[in-house]
Amino acid sequence: MPAPIRYDPSVETLKPDEAETIGQLNESFRHILDTTSKDYGHAVRAVHAKAHGIAKGVFRVHSGLPPELAQGLFATPGEHEAILRISTNPGDLLDDSIGLPRGLALKVLNVEGERLPGSEGDTTQDFIMVNGPVFSAPDAAAFAKNLKLLATTTDKAEGGKKLLSGILRAIEAPLEAIGLPSATLQQLGGAPNVHPLGETYWSQTPFRYGDHIAKFQIVPVSPALTQLTGDTVSTHDRPDALREVVNEVLVSQGGTWEFRVQLNTDLAAMPVEDPTQEWDAKASPFVTVATLEVPPQHSWEHGGSDAVDDALSYSIWHGIAAHRPLGNVNRARRDTYAFSADYRGRFNGCPIHQPRELADLP
């Protein structure tokens, strides 16, 4: 394997319209949040609003990692409290029969190191991942256009969304069969209704990895999870089917995931500024650096889980400078995620704070 590329600020290319694009993203977020807050009388996230499970666990950084992998959070072996949230991507709380990409957000606690801008004084490190290797847009401007389209569908008749989802899945399935899945069709409701616990999740966008540059991956490894890989969930007359099936597994067996890192070894073949380009896993394989252990527990209880969900916010900019998000899309996500969290805190009358330990949560 070639030597990993060393991080340098020059790997990023700033665009002159980034401030304008961020303003457009915030306007779309505001439209979604205004609409859903009015409907529910309560503010939810502008994206990934519906949680299907929240679970507490232990994040174990492995010992004996080679120098290029013993970086940042992963430089020191040991255990950290952690909490993960499983979701789907829209900003409204939809019936689970609408097929959408799955998300997994992981918050690791008590992480030492120089903090990222806006994260000063905290001790958390967040990772946000989706069950697909590439992002849906090549840059923030295209992302803003996609989000504007999604914003216009917020609060539209759910029956129409169910019908559209079925049509899009019928189009998407043959594309997947020949290895050509469409991120756009999946974002609009054409994703297969797979079991969230059987899925592999990718960061999609690149990050600083101490002296290097990397993408991240979380992979289910315990039998209780791997036997679910590729399974689809029956959602007929079950609006919260995903909460039910996630809870069934985690309450009885818990789960184990491996956290893996893919180092950048070629800036031309593994671009920093275009997250639609998948990095070749043969040229630079994903390597396990930590394990997430979730003991058996209820992953969703009405009332209690809602309170925990309200108290949490996840952002790729909650973390240490050694894992700085890189690229145009990631730079745009800093202000927009903060905007969504601040809006929720103001509307719900409860500012959101980063926990220092799991006991801080409701």
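Look up: the structure comes first, before these words.
Scoring rules and cut-offs
- Residues numbered from 1 in each chain as written.
- Predicted model: local features only at pLDDT ≥ 70, side-chain atom pairs only at ≥ 80, totals over all residues.
- Heavy atoms only, no water.
- Core = buried A, V, L, I, M, F, W, Y, C linked by side-chain atoms within 4.5 Å.
- Buried < 20%, exposed > 50% of the residue type's maximum accessible area, 1.4 Å probe, protein only.
- Helix = DSSP H or I, 4+ residues; strand = E, 2+ residues; numbered from the N terminus.
- Contact = heavy atoms within 4.5 Å.
- Salt bridge = Lys/Arg side-chain N within 4 Å of Asp/Glu carboxyl O.
- Expected span 1.5 Å × (residues − 1).
- Polar contact = N/O pair within 3.5 Å; in protein donor to acceptor, adjacent residues only side chain to side chain.

Colleague: Just to check I follow, could you spell out the nonpolar core for this structure?
Modeller: Generally speaking, soluble globular proteins have nonpolar side chains that are buried together. Judged by nonpolar contacts, the single largest core of 59 residues is most densely connected at Phe-59, Phe-74, Leu-106, Trp-257 and Phe-259. In terms of residue count, the dominant contributor to this core is helix α6 (residues 241-252) (6 residues). Discounting chain neighbours no more than four positions away, the residues touching Leu-106 are Phe-59, Ala-82, Ile-83, Leu-84, Gln-125, Asp-126, Phe-127, Ile-218, Phe-259, Leu-292 and Tyr-314. Leu-33, Phe-135, Ala-137 and Val-329 belong to the second-largest nonpolar core, a separate cluster that totals 18 residues.

Colleague: What exactly am I supposed to notice about the pattern of salt bridges here?
Modeller: Once the charged atoms of two side chains with opposite charge are near each other, the side chains can pair. Tallied over the full model, the rule gives 15 salt bridges. Among the salt bridges present, the one from Lys-50 reaches Asp-96, with a minimum N-O distance of 3.0 Å. With Lys-50 in the loop between α1 (18-40) and β1 (51-61) and Asp-96 in the loop between β2 (78-88) and β3 (102-108), the pair connects residues that are 46 residues apart, well separated along the chain. Taking relative accessible area as the criterion, Lys-50 reaches 5% and is therefore assigned buried. What makes Asp-96 buried here is its relative accessible area of 3%.

Colleague: Looking at this structure, I do not really get helix α2 (residues 140-153). What am I missing?
Modeller: Each α-helix winds once per 3.6 residues, and so residues spaced three or four apart point in a common direction. Given a rise of 1.5 Å per residue, 14 residues ought to cover 20 Å, and the 20 Å separating the end C-alpha atoms of α2 matches this to within 8%. Looking at the buried positions of α2, the neighbouring elements they touch are α1 and α8 (328-348). Where α2 begins, the capping side chain belongs to Asp-139, and its oxygen is found 3.3 Å from the backbone nitrogen of Ala-141.

Colleague: It is not clear to me how the environment of Asp-280 should be interpreted in this structure. Could you clarify?
Modeller: Structurally, the position occupied by Asp-280 is in the loop between β8 (255-263) and β9 (287-294). Along the backbone, Asp-280 and Lys-15 are 265 residues apart, and their C-alpha atoms lie at a distance of 26 Å. Setting aside chain neighbours within four positions, we find Asp-280 in contact with Gln-262 and Met-270.

Colleague: Would you take a moment to explain unusual backbone geometry for this structure?
Modeller: Residue Gln-204 is not a glycine yet carries a positive backbone phi of 70 degrees. For Gln-204, the location among the structural elements is in the loop between β5 (201-202) and β6 (207-209). Since its relative accessible area comes to 9%, Gln-204 is described here as buried. Here Asp-237, not a glycine, exhibits a phi torsion of approximately 60 degrees, which is positive. Of note, Asp-237 is situated in the loop between α5 (223-226) and α6. Exposure remark for Asp-237: the relative accessible area of 68% places this residue in the exposed category.

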